[in-house]
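Each chain, letter by letter, is given below.
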Amino acid sequence: MASSTGLQSVKHSLRLFFSNKYLYASVVRAMDQTVAATADTRSPEFQDYKSKHDMAAAKGVAKLLRERMRENDIHWVEFRKPKGKPYHGRLKAIVETMREEGVVFASSPPKSLMANGESGVGQ
C-alpha cells in the first residue's frame, strides 16, 4: 500500500529454481504471492548460449531479471538461501550479479532507498 510519502511497504522475494536443463528466477510479491518479474534460460535472449544452465547463463538470468525489475520499479528484494544449499556456483553467480546491477538485498525497505524517495516496490 502506498503511504503519504509515496513509499510502499510491500515486500518482494527472490525465488530461484535450477533444473537439469534450465535456470529460473522470479521476484514474487509477498503480500499475494504474485510474480512481479521473472527470467529463465528458456527465453529467446538465451538462444545463442551454448549451455542454458552454467555460470554464464546464471549471470545472464540475473541481468535479465534486473532489467525486468527496473521496468516494475523494484529496487530491493528479500532472499533467503535455501537450507542445505551452499552459497556458491550458480546461486552465488545470480545473487552477486544482481548486487552488481544495483539490487539491494534486505528484509525491509533499505533506508537509503527511502531517503531517495524510491519505493523499491512495483505495482
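Residues numbered from 1 in each chain as written. Predicted model: local features only at pLDDT ≥ 70, side-chain atom pairs only at ≥ 80, totals over all residues. Heavy atoms only, no water.

Draft legend 1. Main features of the overall build of the chain. Counting its secondary structure elements, the chain contains three helices and five strands. If you list the helices and strands of the chain from N to C, you get β-β-β-α-β-α-β-α. A burial count over the chain gives 39% of its 123 residues as buried. Roughly 7400 Å² of accessible area belongs to the chain as shown, and the carbon and sulfur atoms make up 50% of that amount. (Helix = DSSP H or I, 4+ residues; strand = E, 2+ residues; numbered from the N terminus. Buried < 20%, exposed > 50% of the residue type's maximum accessible area, 1.4 Å probe, protein only. Areas by Shrake-Rupley, 256 points an atom, 1.4 Å probe, with all protein chains shown as cover.)

Draft legend 2. Representation of the pairing of strand β3 (residues 34-40). Judged from the six bridges that link them, strand β2 (residues 23-29) and β3 form a sheet pairing that is antiparallel. What sits directly across from Val-27, in β3, is Ala-37. Linking β2 back to β3 in an antiparallel pair, the connection comprises four residues, with Gln-33 at a positive phi of about 60°. (Pairing = 2+ DSSP bridges.)

Draft legend 3. Seen up close, the pairing of β2. For β2, the buried fraction is high: six of the seven residues fall into the buried class. Two elements, strand β1 (residues 12-18) and β2, share seven bridges in a ladder whose sense is antiparallel. Within β2, the position partnered with Phe-18 by the bridge is Leu-23. The hairpin formed by β1 and β2 contains four residues between the paired strands.

Draft legend 4. Main features of unusual backbone geometry. With phi around 60°, Gln-33 is a residue other than glycine that occupies positive phi space. In this structure, Gln-33 sits in the loop between β2 and β3. Positive phi, close to 60°, is recorded for Asp-73, a residue that is not glycine. Looking at Asp-73, the relative accessible area reads 36%, which means it is partly exposed.

Draft legend 5. Structural view of the packing of aromatic side chains. Considering all chains together, one arrives at four aromatic pairs under this definition. Taking the centre distance of 5.8 Å and the plane angle of 45° together, the rings of Phe-17 and Tyr-24 count as tilted. On the basis of an interplanar angle of 70° and a centroid distance of 6.5 Å, the ring pair of Tyr-22 and Tyr-24 is categorised as edge-to-face. Given the relative accessible area of 26%, Tyr-22 is considered partly exposed. Put simply, the rings of Phe-17, Tyr-22 and Tyr-24 pair up and form one aromatic cluster. Above the plane of the ring of Phe-18 lies Arg-90, whose end atom (NZ or CZ) is 4.9 Å from the centre. (Phe/Tyr/Trp six-rings, centres within 6.5 Å; stacked < 30°, edge-to-face > 60°. Lys NZ or Arg CZ within 6 Å of the ring centre and 35° of its normal.)

Draft legend 6. View of the environment of Lys-63. Residue position: Lys-63 is located in helix α1 (residues 55-71). Setting aside residues up to four positions removed in sequence, Lys-63 forms contacts with Thr-97 and Glu-101. (Contact = heavy atoms within 4.5 Å.)

Draft legend 7. Focus on the packing of α1 against helix α2 (residues 89-100). Contact pair α1 / α2: the axes reach a minimum separation of 8 Å and the direction vectors enclose 35°. Once α1 is placed against α2, the crossing between them reads as right-handed. Residue-level contacts link Met-55, Ala-58, Lys-59, Ala-62, Lys-63, Leu-65 and Met-69 of α1 to Gly-89, Arg-90, Ala-93, Ile-94, Thr-97 and Met-98 of α2. When grouped by side-chain class, the residues that make up the contact of α1 with α2 number eight nonpolar, two polar and three charged. (Axes fitted to C-alpha atoms, helices over the stretch in contact; angles between N-to-C directions. Left-handed = near helix turned anticlockwise from the far one by under 90°. Nonpolar A, V, L, I, M, F, W, Y, C, P; charged D, E, K, R; others polar.)

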